[in-house]
Amino acid sequence: MKRLFIVPVLLFFCFLTVMYAVLPQFSDFDKAKKHFLQKEQDVISRQDYYAKLKNALAQATDYKNTLDEIRAALPGEIFLPALIDFFDAKAQNNGLILKSFAPSQVPGSSEEDTDQKKAPSQDFLLSLSGDVLSFENFLKDIETSARLIQVEEINFHKSESNEASSEISLLVKVYY
């Protein structure tokens, strides 16, 4: 009879041991496993984020030359000494002499600019001296330069003293 009584008591103690000792361990292990998987996903997402940032930085460096060309074409403001130096260098490279450089106000252009939203620009009057072939090369050089320059008007004046040399007046629009 004692044996009959001991078996249910042992089963009850085994049940209590499983309930209070083993099940909490399984529960803690399951929680730790879920926490580990969540942290692992966080690490993977951060690695993906940093990989995307690295790719974006690589693409930005690829476009650096393009951005530099855009900054050169549209500097944001007109710096007259740099602009004069630009036109003087282009003229000298093509065998011309830059005689004068002055800002010009074209009549009616201010009314157009207020009506329509256009890129900001300034008109300049240039006076050059040299032959026609050099002038053609000068125009091609300006056209292929990084700066946005539009030639509005061209006037030729033949020099009486030297038949090969001409006085050339240009009205150019420089965008900034």
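Here, the structure is the one placed above.
Structural notes, computed from the coordinates. What you see is a predicted model; the values in this text were computed from it and never measured. (Residues numbered from 1 in each chain as written. Predicted model: local features only at pLDDT ≥ 70, side-chain atom pairs only at ≥ 80, totals over all residues. Heavy atoms only, no water.)

Moving on to the pattern of salt bridges. Under the counting rule described, the total for this entry stands at three salt bridges. For Lys34, the salt bridge goes to Asp30, with nearest N and O atoms at 3.9 Å. One end of the pair, Lys34, and the other, Asp30, are both in helix 1 (residues 2-62), four residues apart, so they sit about a helical turn from each other. Between Asp141 and Lys90 there is a salt bridge whose closest N-O contact spans 3.5 Å. On the criterion of sequence distance, the pair formed by Asp141 in helix 5 (residues 132-143) and Lys90 in helix 3 (residues 80-93) is long-range, its members being 51 residues apart. (Salt bridge = Lys/Arg side-chain N within 4 Å of Asp/Glu carboxyl O. Helix = DSSP H or I, 4+ residues; strand = E, 2+ residues; numbered from the N terminus.)

This part is about the packing of aromatic side chains. Scanning all chains against the criterion turns up seven aromatic pairs. Ring centres of Phe12 and Phe13 lie 6.3 Å apart, and the angle between their planes is 55 degrees; on these two criteria the pair is classed as tilted. Judged by centre distance (5.4 Å) and plane angle (85 degrees), the ring pair of Phe135 and Phe156 falls under edge-to-face. In this pair, Phe135 sits in helix 5 while Phe156 sits in strand 3 (residues 149-158), placing the two residues 21 residues apart along the sequence. (Phe/Tyr/Trp six-rings, centres within 6.5 Å; stacked < 30°, edge-to-face > 60°.)

The next thing to look at is the sheet that holds strand 1 (residues 97-104). Spatially, the four strands line up as an open sheet ordered 1-2-4-3, and their pairing is antiparallel. In this open sheet, the two strands that pair with only one neighbour each are strand 1 and strand 3. Sheet twist, expressed as the average angle between the axes of neighbouring strands with direction ignored, equals 20 degrees. Pairing between strand 3 and strand 4 (residues 166-175): nine bridges, direction antiparallel. Paired with His157 across the strands is Glu167, a residue of strand 4. Across the sheet, helix 3 is in contact with strand 1, strand 2 (121-130), strand 3 and strand 4; its angle to strand 1 comes to roughly 145 degrees. Contacting strand 2, strand 3 and strand 4, helix 5 crosses the sheet at an angle of about 175 degrees to strand 3. (Pairing = 2+ DSSP bridges. Axes fitted to C-alpha atoms, helices over the stretch in contact; angles between N-to-C directions. Contact = heavy atoms within 4.5 Å.)

Now for a nonpolar patch on the surface. A surface patch of nonpolar side chains, about 1100 Å² in accessible area, is lined by Phe5, Val9, Phe12, Phe13, Phe15, Val18, Met19, Tyr20, Val22, Leu23 and Phe26. Under the relative-accessibility criterion, Val9 is labelled partly exposed at 31%. (Patch = residues over 30% accessible without salt bridge, like charges linked within 9 Å, V, L, I, M, F, W, Y side chains within 5 Å. Areas by Shrake-Rupley, 256 points an atom, 1.4 Å probe, with all protein chains shown as cover. Buried < 20%, exposed > 50% of the residue type's maximum accessible area, 1.4 Å probe, protein only.)

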